[in-house]
Each structure stands twice: as C-alpha cells, then as structure tokens.
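Chain residues, written in single-letter form:
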Amino acid sequence: TQLLEQSPQFLSIQEGENLTVYCNSSSVFSSLQWYRQEPGEGPVLLVTVVTGGEVKKLKRLTFQFGDARKDSSLHITAAQPGDTGLYLCAGLYNFNKFYFGSGTKLNVKP
Amino acid sequence: DAGVIQSPRHEVTEMGQEVTLRCKPISGHDYLFWYRQTMMRGLELLIYFNNNVPIDDSGMPEDRFSAKMPNASFSTLKIQPSEPRDSAVYFCASRQGTQTQYFGPGTRLLVL
C-alpha cells in the first residue's frame, strides 16, 4: 500500500498542451517534494513545499501544497518534449524519512 | 563536485550469490540514504545513516540485506544470498543537514 498515491500513472500529450499531476495521501506531511527522474538516472529535486496552501512556480511548472498538507499538485503549462520523464512526489513523514509516491510517467510528443 | 557515485552501474548475478553495492556520497554530506526502486513498489527507503551511524533500517526487507558506512566517504549495501525478487534499481543519496537530497545514478541489479 502506497502512502502517497499519484495520478495519473501515465500521461501522453502533444507539445504545447497543459497538464496536471496529483499527489494524494490520508496522512499529513510536514513538507512535500517533487522530483523528476529520467531513464537511467536518479531523481532530481524540483521543489519543496512546506506551508499548507503554498504555491511555487518554476518557469512553466506550478506546484501547490494542499491547505491540510495531505495533497499536492504539479501543473505544467505548454509542455515541451524536454519535460518528458517520471515525476515523483515525496512526503516528509518524520524528520528524515521521505515516502515516495507511485510516480507519473509523462511523455510529451513533438 | 562529481555528485554521488555508485558502483557498479549494472550487476547481473545468479540466485544465491552475494552482491555488494557501493556508494560514495558527496563530500561534506552527513546523511546517506539507500533506496530501492521497482515497478511494483516504486521508490522505497531501505536505510539511512547520519554521521556514519545507521539511524533507521526499518525499510530493509530481510536479514539477507545489510548496510555499512565505515567512514564518511563510503557505504555498502550487501545482499547475501541474493534472490530473483531482489532485482531492482538501487539508489544511494546524500544530503547535508536539511538541505537538498542528491541521488546517485543507481545500480541496476538483475538476479537470475
């Protein structure tokens, strides 16, 4: 059983489209992170959100932490082929242990 | 900085053999994490160290798995004996304090 559920599991879209990925849990997290992982490599941190309701932007990526700190979303505007990868959310359950979501595999077609 | 270094990058072995995975964390980082990634279970934390001391090994699946960190620049994850269900990508990650966690490129293990 995953502590963090991500949806959708797979997403294939055309370049220029917008998309949203969701990360949900029944547990409260003190912070939540989003990573992107490319084939053959380790995950790379994109952002950390800490405060309930917090919104952070990273170029065309917008991250939101739910008010109750149980869920988060990642919105990509005008997706590009370079956005292709596996997106993982990770919730900090205690001081040092991050629990990772199941992942969303995104493919952006040119 | 070279980042987190893992070796080997690929390992193919037969069931029953001993497997040793190696990790060199980023210099100056005081936390080291071992993760395992599979299609079925995703990315799972196995064990983590702080200042070379194991803090939480509750994610280690069985006694067949063991991890050591003899000094600040080296850690090993050992599986003995290995089984086909251990096939996965094993990642090492390091971090300084509460800063960003950096992952290595992973070791892809296949146990036949």
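Up top you'll find the structure we're talking about.
Just so you know, these numbers come straight off a predicted model, no measurement behind them. (Residues numbered from 1 in each chain as written. Chains lettered and ligands numbered in written order. Predicted model: local features only at pLDDT ≥ 70, side-chain atom pairs only at ≥ 80, totals over all residues. Heavy atoms only, no water.)

Here we look at the packing of aromatic side chains
(1) Moving on: Under the counting rule described, the total for this entry stands at 10 aromatic pairs over all chains.
(2) Moving on: On the basis of an interplanar angle of 35° and a centroid distance of 6.4 Å, the ring pair of Tyr-31 of chain B and Tyr-48 of chain B is categorised as tilted. On the criterion of sequence distance, the pair formed by Tyr-31 of chain B in strand S4 (residues 31–38) and Tyr-48 of chain B in strand S5 (residues 42–50) is long-range, its members being 17 residues apart. Pair check on accessibility: Tyr-31 of chain B and Tyr-48 of chain B agree, each one buried.
(3) Moving on: Taken together, the aromatic side chains of Tyr-35 and Phe-100 of chain A together with Tyr-31, Phe-33, Tyr-35, Tyr-48, Phe-91 and Phe-103 of chain B make up a single cluster linked through ring pairs.
(4) Moving on: Directly above the ring of Tyr-31 of chain B sits Arg-95 of chain B, whose terminal nitrogen or CZ lies 4.5 Å from the centroid. (Phe/Tyr/Trp six-rings, centres within 6.5 Å; stacked < 30°, edge-to-face > 60°. Helix = DSSP H or I, 4+ residues; strand = E, 2+ residues; numbered from the N terminus. Buried < 20%, exposed > 50% of the residue type's maximum accessible area, 1.4 Å probe, protein only. Lys NZ or Arg CZ within 6 Å of the ring centre and 35° of its normal.)

Section: the state of the cysteines
Residues and elements named next belong to chain B.
(1) Moving on: One pass over the full model with this rule turns up two disulfides over all chains.
(2) Moving on: Paired through a disulfide, Cys-23 and Cys-92 show a sulfur-sulfur distance of 1.9 Å. The sign of the S-S torsion, about -65°, decides the handedness of the disulfide formed by Cys-23 and Cys-92: left-handed. Taken as a pair, Cys-23 in strand S3 (residues 19–24) and Cys-92 in strand S9 (residues 88–95) lie far apart in primary sequence, 69 residues in all.
(3) Moving on: Under the relative-accessibility criterion, Cys-92 is labelled buried at 0%. (Disulfide = S-S within 2.5 Å.)

Observations concerning a nonpolar patch on the surface
(1) Moving on: A grouping of Val-12, Leu-110 and Leu-112 of chain B is seen on the molecular surface, where their side chains present a nonpolar patch of about 290 Å² in accessible area.
(2) Moving on: Its location among the elements puts Val-12 of chain B in strand S2 (residues 10–13). (Patch = residues over 30% accessible without salt bridge, like charges linked within 9 Å, V, L, I, M, F, W, Y side chains within 5 Å. Areas by Shrake-Rupley, 256 points an atom, 1.4 Å probe, with all protein chains shown as cover. Salt bridge = Lys/Arg side-chain N within 4 Å of Asp/Glu carboxyl O.)

Notes on the pattern of salt bridges
(1) Moving on: Going through the model one piece at a time under the given rule, you end up with 11 salt bridges over all chains.
(2) Moving on: Here Arg-60 of chain A ties to Asp-83 of chain A by a salt bridge, and the two come within 2.9 Å at their closest N and O atoms. Of this pair, Arg-60 of chain A sits in the loop between strand S6 (55–58) and strand S7 (61–65) while Asp-83 of chain A is found in the loop between strand S8 (71–76) and strand S9 (85–92), placing the two residues 23 residues apart along the sequence.
(3) Moving on: You can call Arg-60 of chain A partly exposed: its relative accessible area is 24%.
(4) Moving on: The partner of Lys-78 of chain B in a salt bridge is Glu-18 of chain B, and the shortest N-O contact between them spans 3.9 Å. Here Glu-18 of chain B lies in the loop between S2 and S3 and Lys-78 of chain B lies in strand S8 (residues 74–79), a separation of 60 residues in the sequence.
(5) Moving on: Via salt bridges that share partners, Glu-62, Arg-64, Glu-83, Arg-85 and Asp-86 of chain B belong to a single interconnected network.

What about the sheet that holds S8 of chain A?
Residues and elements named next belong to chain A.
(1) Moving on: In space, the five strands of this open sheet follow the order S1-S3-S8-S7-S6, with antiparallel pairing throughout. Two strands lie at the open edges of the sheet, namely strand S1 (5–7) and S6, each paired on one side alone. Along the sheet, successive strands turn relative to each other by an average axial angle of 15°, direction set aside.
(2) Moving on: Relative to S8, strand S3 (residues 19–24) is paired through six bridges, and the arrangement is antiparallel. When the sheet's bridge partners are listed, Thr-20 is paired in S8 with His-75. (Pairing = 2+ DSSP bridges. Axes fitted to C-alpha atoms, helices over the stretch in contact; angles between N-to-C directions.)

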